[in-house]
Amino acid sequence: MTQPTDASTSNVTGWRASAEAIAKAQAIFPTVNFEEANVPPYTLEAVLPAGLTRDQWPAHREAIVERFRDGSFGCGLSKPQSLAFDLIETDPAALDSKATLKRVRITSGHHGKTHAFEMVLYVPNDARKPAPAFLLINIKDPSHFDASRTPQPDVWRAERLIGRGFALASFQRTDLAIDKPDAWRSGAARLFDDESNAARPDDAFGALAVWAWGASRVMDYLETDASIDQSQVVVVGHSRGGKTALWAGATDTRFAIAISNNSGCGGASLNCRNIGETPLRLSRQFPHWMNANYRRSAEAGAMPFEQHLLLASISPRAVYVCSAADDLWADPKGEYESWAAASPAFELFGDPPVASPDVPPVNTPLIVGRRGYHIRTGAHEMGEYDWDRFADFAAAQFGIAR
């Protein structure tokens, strides 16, 4: 069934944007809408056709993914013809002997071309083996790889996860694709695309898809590492990394959980609400992230799909979405509504429905079967509170005692 949303409905018991947050956002972006009263009415596409069964879901799920390939993230990437993993450093006494550090070079070969990038992996020394793992798509400075930094960067929190029994892997997105419109094709994209050729198909992949492709290559390595439980790997990202994590979760079913932190437009939030960042603003500021079809739809003001379908495509695996109370650019209400509207794809596999249309209160996680959501105090960031909630959710999904 369709999922109508009355944009004028206020959140009586849950979060809503404060006047102070709206005024602050408006001062930074004076031409952008941050007022709920200015959101146009909309009706979301049904996640499931009437009568769809569990057996029919995989084909329907793949059809959803193909729509996003064609109209958003792009086509043309595949597993490379060859892969090599070289262990370039091992430290069994990392993090005050709490973990073993591994640095691995991943080299892909395809049609006579090669590309290499590095990943880091911290595996807890005093925990069950094989260990569940988080894979962080790092969008910050490369120095965030160093978990020995004091204090640790909020977006990393390796020692905190190690203490919970989780391994933590990470790679730097710019090692796969430089985050610039005129340079992104100089990295891993060269394996599949001639960077000197400007005439690319309209559905050809963008940088976000290349970063997600990198996450899958890390997963290829993790499948070979006996210290990692390959059935319990979580892909997580913040901001543009959150968009990437959702696409990695949609396209690579080996990831047991996909986590999006403040991913906003092109990630978890709905396209149609016209609050904060919109597809048009995204496509103009970051034209290299998505494909030409996305940019054309954004310019026309008519996106061919809504983001709740992307979240739904991760079912029957698990998904977690995080918003921040002051991050109005990412439209927290749109992120929550998208998360809630994906519900039928999870209900198909026995999960209960999402009961409330209202965004939960801040710092009050909402867990519904294989779906998790929270909105926390603060702005566009990822920190201790988020990591603790992600670890709680993963532990519950994997049946690990806290």
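Fair warning: this is a prediction, and the values are worked out from it, not measured in the lab.

### Concerning unusual backbone geometry
Part 1 of the argument: With omega at 0°, the peptide bond leading from lysine 129 into proline 130 counts as cis.
Part 2 of the argument: Positionally, proline 130 belongs in the loop between strand E5 (113-124) and strand E6 (131-138).
Part 3 of the argument: Here the bond from serine 315 into proline 316 is cis, since omega is 10°, no more than 30 degrees from zero.
Part 4 of the argument: Note that proline 316 resides in the loop between helix H9 (308-312) and strand E10 (318-324).

### Things to note about the sheet that holds strand E4 (residues 99-110)
Part 1 of the argument: Strand order in the open sheet formed by 10 strands is E3-E4-E5-E7-E6-E8-E9-E10-E12-E11, with mixed pairing between adjacent strands. In this open sheet, the two edge strands, each paired with only one partner strand, are strand E3 (82-93) and strand E11 (366-368). Going across the sheet, the axis of each strand differs from the next one's by a mean of 15°, ignoring polarity.
Part 2 of the argument: Of the pairings in the sheet, the one linking E11 to strand E12 (residues 371-376) comprises three bridges and is antiparallel in character.

### Here we look at helix H6 (residues 240-251)
Part 1 of the argument: Taking 1.5 Å per residue as the helical rise, H6 with its 12 residues ought to reach 16 Å, and the 17 Å between its terminal C-alpha atoms agrees with that figure.
Part 2 of the argument: Taken across its 12 residues, H6 has 11 buried, putting it largely inside the fold.
Part 3 of the argument: For H6, every residue scored as buried is listed here: Arg240, Gly241, Gly242, Lys243, Thr244, Ala245, Leu246, Trp247, Ala248, Gly249 and Ala250.

### Considering the packing of helix H5 (residues 207-222) against H6
Part 1 of the argument: Across the interface, H5 lies against H6 with an axial gap of 9 Å and an inter-helix angle of 60°. One way to sum up the angle between H5 and H6 is to call them oblique. Every pair of crossing elements has a handedness; the one defined by H5 and H6 is right-handed. Together, Leu208, Ala209, Trp211, Ala212 and Ala215 of H5 and Arg240, Lys243, Thr244, Trp247 and Ala248 of H6 make up the contact between the two elements.
Part 2 of the argument: Broken down by class, the residue content of the contact of H5 with H6 amounts to seven nonpolar, one polar and two charged.

### Considerations on the side chain of serine 283
Part 1 of the argument: Structurally, the position occupied by serine 283 is in helix H7 (residues 279-285).
Part 2 of the argument: Serine 283 sits in the buried class, given a relative accessible area of 6%.
Part 3 of the argument: In this structure the side chain of serine 283 is engaged in a polar contact, spanning 3.0 Å, whose partner is the backbone oxygen of leucine 280.

### Section: the environment of aspartate 203
Part 1 of the argument: Within the element layout of this structure, aspartate 203 appears in the loop between strand E7 (167-172) and H5.
Part 2 of the argument: Measuring from C-alpha to C-alpha, the distance between aspartate 203 and glutamate 306 comes to 18 Å, with 103 residues separating the pair along the chain.

### A look at the pattern of salt bridges
Part 1 of the argument: Under the definition given, this model contains 32 salt bridges.
Part 2 of the argument: Ionic pairing is found between aspartate 388 and arginine 160, a salt bridge with its closest N-O pair at 2.7 Å. Taken as a pair, aspartate 388 in helix H12 (residues 384-398) and arginine 160 in helix H4 (residues 158-163) lie far apart in primary sequence, 228 residues in all.
Part 3 of the argument: Accessibility expressed as a relative area gives 15% for aspartate 388, which makes it buried.

### Structural notes on the confidence of the model for the protein chain
Part 1 of the argument: Confidence along the protein chain averages 93 in pLDDT terms, with 92% of residues attaining 70 or more.
Part 2 of the argument: Throughout residues 1-12 the model reports pLDDT below 50, and contacts reaching past four residues in sequence, or to other chains, amount to 26 contacts.

### Focus: the pairing of E5
Part 1 of the argument: Where E4 meets E5, 12 bridges bridge the pair, whose relative direction is antiparallel. Bridge pairing links leucine 101 to tyrosine 122 in E5.
Part 2 of the argument: Hairpin remark: E4 followed by E5, antiparallel, with two residues in the connecting loop; positive phi at histidine 111, about 50°.
Part 3 of the argument: Summarising the sheet, E5 and E7 pair through four bridges and their orientation is antiparallel. Along E7, the bridge assignment pairs methionine 119 with phenylalanine 171.

### A word on the packing of aromatic side chains
Part 1 of the argument: This structure, assessed with the given rule, holds 17 aromatic pairs.
Part 2 of the argument: Judged by centre distance (5.8 Å) and plane angle (65°), the rings of phenylalanine 117 and phenylalanine 171 are edge-to-face. Of this pair, phenylalanine 117 sits in strand E5 while phenylalanine 171 sits in strand E7, and the two are 54 residues apart along the sequence. Both residues of the pair, phenylalanine 117 and phenylalanine 171, belong to the buried class.

### A short note on the state of the cysteines
What we call a disulfide is simply a covalent bond connecting the sulfur atoms of a pair of cysteines.
Part 1 of the argument: In the structure shown here, the tally under the stated rule is zero disulfides.
Part 2 of the argument: Between cysteine 265, a cysteine without a disulfide, and cysteine 272, which holds the nearest cysteine sulfur, the sulfur-to-sulfur distance is 11 Å.
Part 3 of the argument: Using a relative accessible area of 1% as the deciding quantity, one classes cysteine 265 as buried.
Part 4 of the argument: Residue cysteine 322 stays outside any disulfide, its sulfur separated by 17 Å from that of cysteine 265, the closest cysteine.
Part 5 of the argument: Its relative accessible area of 0% is what places cysteine 322 among the buried residues.

Rules used in this analysis
- Residues numbered from 1 in each chain as written.
- Predicted model: local features only at pLDDT ≥ 70, side-chain atom pairs only at ≥ 80, totals over all residues.
- Heavy atoms only, no water.
- Helix = DSSP H or I, 4+ residues; strand = E, 2+ residues; numbered from the N terminus.
- Pairing = 2+ DSSP bridges.
- Axes fitted to C-alpha atoms, helices over the stretch in contact; angles between N-to-C directions.
- Expected span 1.5 Å × (residues − 1).
- Buried < 20%, exposed > 50% of the residue type's maximum accessible area, 1.4 Å probe, protein only.
- Parallel < 35°, antiparallel > 145°, perpendicular 65-115°, else oblique.
- Left-handed = near helix turned anticlockwise from the far one by under 90°.
- Contact = heavy atoms within 4.5 Å.
- Nonpolar A, V, L, I, M, F, W, Y, C, P; charged D, E, K, R; others polar.
- Polar contact = N/O pair within 3.5 Å; in protein donor to acceptor, adjacent residues only side chain to side chain.
- Salt bridge = Lys/Arg side-chain N within 4 Å of Asp/Glu carboxyl O.
- pLDDT = per-residue confidence, 0-100.
- Phe/Tyr/Trp six-rings, centres within 6.5 Å; stacked < 30°, edge-to-face > 60°.
- Disulfide = S-S within 2.5 Å.

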